[in-house]
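Each chain, letter by letter, is given below.
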Amino acid sequence: MKTSGNTIFITGGTSGIGRGIAEAFHKLGNQVIISGRRKALLDEVTKANPGMRSVELDIQDPQQIKAVAAQLVKDFPTLNVLFNNAGIMPFDDAAGAIDDDTAVATVTTNLLGPVRMTSALLPHLKTQQDAVVIHNSSVLAFVPLASTAVYSATKAAIHSYALSQRFMLAGSGVRVVEISPPWVDTDLIYKSGDSRAMPLPDFVAATMQGLAAGKDEVYVDAIQALRDNPGSGEHGFVNAFNQSLKDNPIPVGH
Ligand SMILES: NC(=O)c1ccc[n+]([C@@H]2O[C@H](COP(=O)([O-])OP(=O)(O)OC[C@H]3O[C@@H](n4cnc5c(N)ncnc54)[C@H](OP(=O)(O)O)[C@@H]3O)[C@@H](O)[C@H]2O)c1
């Protein structure tokens, strides 16, 4: 995709990957509009990046999605890029009872949010040059982390949705791009500085390169083996992956 001259709407731009990508696009001369629930952070990010705009949006609320989409099209008629990035990653226990509120929030945020946001903006995007929908899935779309079973399932679902949407939009002028981050050191779980987590600036730089190169799927080389799953050896692969993280757990904060 072109990396300058776009008008880009980003969900979940208050922190982590969303903020990092928002600031990278902003520096390259794009009109960036970020969204999220935390108004103070929206204000902080736009203040630090003069010209960037923001809008409050809880991606779990379908009425807010419709209202924000209508306002965006009115205020930013050149809007041509949607980056579905907002997400939550609660740990759960698929061997026991999963808290229903948490499961619903995870599916509503990570799966229905992007589906609804994309649905609301696609009629407009189809009228634009160089239109792109970017979905943020995860390496866990390809290999589930068993201790975040519902989260991993939502990311596999978004990968599947992106594949279908890319097929359905072929020839429409709207491109569908999926980014599948590795473990990146953000507040999603707990910013720990763990050496296995990719530092955010490195991830943002690699992702901007992948987007500029025009790839349909953008992921770092380090996850190639995980991306190549599933195959006939999927179960052994998934079990070994999860056993390694069970033996060497991810820090979850205090
Ligand atoms: N970090 C990783 O290791 C990693 C790996 C693979 C994929 N990802 C994906 O990357 C995306 C961003 O995660 P991150 O690592 O940057 O974590 P983060 O720093 O916690 O950012 C999450 C963002 O999502 C927004 N968000 C959460 N719930 C929302 C809601 N109901 N409505 C609107 N916005 C909401 C948050 O904004 P507010 O709280 O202000 O609403 C925040 O801006 C997620 O989709 C995540 O699954 C991350």
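Everything quoted here is computed from the prediction, not taken from an experiment. (Residues numbered from 1 in each chain as written. Predicted model: local features only at pLDDT ≥ 70, side-chain atom pairs only at ≥ 80, totals over all residues. Heavy atoms only, no water.)

Observations regarding the overall build of the protein
Note the following rule: In this description a helix means any DSSP run of H or I spanning at least four residues, a strand means any run of E spanning at least two, and both kinds are numbered starting from the N terminus. With the radius of gyration taken over C-alpha atoms, the globule rule is written as 2.2 Å times the number of residues to the power 0.38. Only protein chains enter the accessibility calculation, which uses a 1.4 Å probe. A residue is then buried if its area is under 20% of the maximum for its type, exposed if over 50%, and partly exposed in between. Contact definition: two residues touch when any of their heavy atoms are within 4.5 Å. For the accessible areas, the method is Shrake-Rupley and the probe is 1.4 Å, while residue cover comes only from the protein chains on display.
Secondary structure summary: the protein contains eight helices and seven strands in total. By the compact-globule yardstick of 18 Å for 254 residues, the protein fits well, its C-alpha radius of gyration being 18 Å. Seen through its C-alpha atoms, the protein measures out along the principal axes to roughly 50 × 40 × 35 Å. For the protein, the proportion of its 254 residues judged to be buried stands at 48%. Counting only contacts in the protein whose residues sit at least 6 apart along the sequence, the fraction spanning at least 24 positions is 67%. Here the protein has roughly 11900 Å² of accessible surface; of this, 55% comes from carbon and sulfur atoms.

Re the site of the ligand
This is how it is decided: For this purpose, a residue is taken to be near a molecule or strand whenever a single non-hydrogen atom of the residue falls within 4 Å of it. Identification of polar contacts relies on pairs of N or O atoms within 3.5 Å, with a donor-acceptor requirement for protein atoms, meaning one able to donate a hydrogen and the other able to accept it, and with residues adjacent in sequence counted only if both atoms are side-chain atoms.
In the vicinity of the ligand there are 30 residues, among which Thr14, Ile17, Arg37, Tyr151 and Thr186 approach most closely. Gly16 is positioned such that a nitrogen or oxygen atom in its backbone is 3.5 Å from an oxygen atom of the ligand. Within the side chain of Asp58, one N or O atom sits 2.9 Å away from a nitrogen atom of the ligand. When the ligand is considered free in solution it has 870 Å² of accessible area, and contact with the protein chains removes 95% of it. Looking at the shell around the ligand, the elements that each hand over two or more residues are α1 (16-27) and α5 (149-169).

Things to note about helix α2 (residues 39-48)
Each turn of an α-helix holds 3.6 residues, which means side chains three or four residues apart point in the same direction. Short version of the rule: Here the arc refers to the set of directions running from the helix axis out to each C-beta atom.
For α2, the complete set of buried residues consists of Leu42, Val45 and Thr46. The arc that holds every buried residue of α2, seen down its axis, measures 95°, which confines them to one face. Projecting away from the buried face of α2 at angles above 90 degrees are the exposed residues Ala40 and Lys47.

So, the packing of helix α3 (residues 62-75) against helix α4 (residues 100-125)
Heads up, the condition is: Axes here mean lines fitted to C-alpha atoms, for a helix over just the part in contact, with angles spanning 0 to 180 degrees between N-to-C directions. Throughout this description, any angle smaller than 35 degrees is read as roughly parallel, any larger than 145 degrees as roughly antiparallel, any in the 65 to 115 degree range as roughly perpendicular, and the remainder as oblique. Handedness of each helix crossing follows the sense of rotation of the near helix against the far helix: counterclockwise by less than a right angle gives left-handed, clockwise gives right-handed. Gly falls in the polar group here, along with every residue not listed as nonpolar (Ala, Val, Leu, Ile, Met, Phe, Trp, Tyr, Cys, Pro) or charged (Asp, Glu, Lys, Arg).
Axis separation between α3 and α4 bottoms out at 10 Å; the angle between their running directions is 30°. Here α3 is positioned roughly parallel relative to α4, judged by the angle of their axes. Our pair here, α3 against α4, has a crossing hand that is right-handed. Note on element contacts: α4 touches α3 through Gly113, Arg116, Met117, Ala120, Leu121 and His124, opposite Pro62, Ile65, Ala69, Leu72 and Val73. Along the lines of polarity and charge, the residues of the contact of α3 with α4 split into eight nonpolar, two polar and one charged.

Let's talk about the sheet that holds strand β3 (residues 53-56)
Within a sheet, neighbouring strands are paired by backbone hydrogen bonds and run either parallel or antiparallel to one another. Defined as follows: Two strands qualify as a pair provided DSSP detects at least 2 bridges between them.
Here seven strands make up an open sheet; going across it, the order is β3-β2-β1-β4-β5-β6-β7 and the pairing parallel. Each having just a single partner strand, β3 and β7 (217-218) make up the two edges of the open sheet. Across six bridges, the pairing between strand β5 (residues 131-136) and strand β6 (residues 174-179) is parallel. Each bridged residue has a counterpart across the sheet, and for Asn136 the counterpart in β6 is Ile179. Packed onto the sheet, helix α6 (residues 200-212) meets β5, β6 and β7 and runs at close to 150° relative to β6.

Some words on the pairing of strand β1 (residues 7-10)
We count it as follows: We call a crossover right-handed when, viewed with both strands directed away from the observer, the connection leading from the first strand over the helix to the second proceeds clockwise.
By the alternation rule, side chains of β1 split into Thr7 and Phe9 and Ile8 and Ile10, which are all buried. Summarising the sheet, β1 and strand β2 (residues 31-36) pair through four bridges and their orientation is parallel. Considered in β2, the bridge of Thr7 is made with Gln31. Handedness of the β-α-β unit built from β1, α1 and β2 comes out right-handed. Relative to strand β4 (residues 81-84), β1 is paired through three bridges, and the arrangement is parallel.

Spatial relationships are all this shows, so hold off on functional conclusions.
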